[in-house]
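# Chain and residue survey
Chain by chain, the residues run as shown.
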Amino acid sequence: MRLLDRPVVHILLVLSLLLMAGSAHAFDLAQLSRQLNEPAVVRGNFIQEKYLRALPLPLTSRGTFVLARDRGLLWFLQEPLQQDYRISDSGIARRGPSGWQKTDQQGATARQNDLFLAVLQGDTTALQRDFELELSGTAEAWQLMLTPRSHLLGQIFSAILIRGGATVERIELLETQNDSTVLLLNDNQIDDQLSPTELHDFAD
């Protein structure tokens, strides 16, 4: 081998080793699921913007949330009106004057709520039943694109884009009617237990 060829060979060997190392440590769906399901509790603020073709400005709502592993989600809407919701495996409940009351959610609406919970909890196994999943990025900054494979969800969404790091930070719902919704989850804080009030809200 000529001396001039040796640096080229060395470079190719180094590149090959780097590529093999990168593929061995690639961030995959199983790692994402474990990462998002690891925190016992995640609290934060949310801003939801609903973009409708007929309106020049988005419909914006704000509030706070509490996501608890194995329990579900508390969703406290503060603007433009105040309303508390609880989403769990047993369905959706709304807080009323006499306490939590289950809402009658069926069909596409109920499926969307199940989807929302699966997204926040990183349940990629559940998501794969209805979507093709394409993950890119790293554990610190990743993007997951969901393309509907079921007929029901395909009538509602053209795609769903999710971004985040240790927790989900942004969800964008692209609808088939050219409307869209952007949900930003800000100031997320990870904790190892619920407060007494939160425990009561989940148990009530």
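Refer to the preceding data block for the structure.
Heads up: these notes are all about the structure in this document. (Residues numbered from 1 in each chain as written. Predicted model: local features only at pLDDT ≥ 70, side-chain atom pairs only at ≥ 80, totals over all residues. Heavy atoms only, no water.)

### Digging into the overall build of the protein chain
Assigned secondary structure in the protein chain consists of 6 helices and 11 strands. A buried classification covers 39% of the 204 residues belonging to the protein chain. Across the protein chain, the fraction of contacts at a sequence separation of at least 24, relative to all contacts at a separation of at least 6, is 45%. Carbon and sulfur atoms make up 53% of the accessible area of the protein chain, which totals about 12300 Å². (Helix = DSSP H or I, 4+ residues; strand = E, 2+ residues; numbered from the N terminus. Buried < 20%, exposed > 50% of the residue type's maximum accessible area, 1.4 Å probe, protein only. Contact = heavy atoms within 4.5 Å. Areas by Shrake-Rupley, 256 points an atom, 1.4 Å probe, with all protein chains shown as cover.)

### Observations regarding unusual backbone geometry
Geometrically, the link from Glu79 to Pro80 is a cis peptide bond, its omega value of 5° lying close to zero. As for its placement among the helices and strands, Pro80 is situated in the loop between strand 3 (72-79) and strand 4 (83-88). Of note, Asp70 is a non-glycine position whose phi angle comes to about 70°, a positive value. Tracing the chain through its elements places Asp70 in the loop between strand 2 (59-68) and strand 3. A positive phi is found at Asp187, a non-glycine position, where the angle reads about 55°.

### Looking at the packing of aromatic side chains
Enumeration over the complete set of coordinates arrives at 2 aromatic pairs. Pairing Phe46 with Trp75 gives two aromatic rings, centres 3.9 Å apart and planes at 15°, and the pair type is stacked. Separated by 29 residues along the polypeptide, Phe46 in strand 1 (residues 41-51) and Trp75 in strand 3 bring together distant segments of the chain. For the pair Phe46 and Trp75, a shared accessibility class is recorded, and that class is buried. (Phe/Tyr/Trp six-rings, centres within 6.5 Å; stacked < 30°, edge-to-face > 60°.)

### Regarding helix 6 (residues 196-203)
Buried residues of helix 6: Glu198, Asp201 and Phe202, and no others. Buried positions in helix 6, seen along its axis, are confined to an arc of 95° and lie on one side of it. Residues Pro196, Thr197, His200 and Ala203 are exposed on helix 6 and point more than 90 degrees away from its buried face. Those residues of helix 6 that are buried are in contact with strand 1, strand 2, strand 3, strand 4, strand 5 (91-96) and strand 6 (99-102). (Arc of directions from axis to C-beta.)

### Section: the pairing of strand 3
Taking burial as the measure, the 8 residues of strand 3 include 6 buried ones, the bulk of the element. Direction of pairing for strand 2 relative to strand 3: antiparallel, over a ladder of 7 bridges. When the sheet's bridge partners are listed, Gly63 is paired in strand 3 with Leu77. Between strand 2 and the antiparallel strand that follows it, strand 3, lie 3 residues; Asp70 among them carries a positive phi value of about 70°. Where strand 3 meets strand 4, 5 bridges bridge the pair, whose relative direction is antiparallel. Residue pairing in the sheet places Leu74 in a bridge with Arg86 of strand 4. Linking strand 3 to strand 4, which pair antiparallel, is a turn of 3 residues. (Pairing = 2+ DSSP bridges.)

### Some details on the side chain of Gln83
By secondary structure assignment, the location of Gln83 is in strand 4. Filtering out sequence-adjacent residues up to four positions away, Gln83 remains in contact with Trp75, Phe76, Leu77, Arg94 and Arg95.

### Re the pattern of salt bridges
As enumerated under the stated definition, the model contains 9 salt bridges in all. With its nearest N and O atoms 2.8 Å apart, the salt bridge here joins Arg95 to Asp84. Of this pair, Arg95 sits in strand 5 while Asp84 sits in strand 4, placing them 11 residues apart in sequence. Salt bridges sharing partners connect three or more residues here, namely Arg43, Asp191 and Glu198. (Salt bridge = Lys/Arg side-chain N within 4 Å of Asp/Glu carboxyl O.)

### Some remarks on helix 2 (residues 29-37)
Buried residues of helix 2: Leu29, Leu32, Gln35 and Leu36, and no others. Relative to the axis of helix 2, the buried residues are bounded by an arc of 125° and lie together on one face. The distance from a side-chain oxygen at the start of helix 2 to the backbone nitrogen of Ala30 is 3.3 Å, and the residue carrying that oxygen is Asp28. (Polar contact = N/O pair within 3.5 Å; in protein donor to acceptor, adjacent residues only side chain to side chain.)

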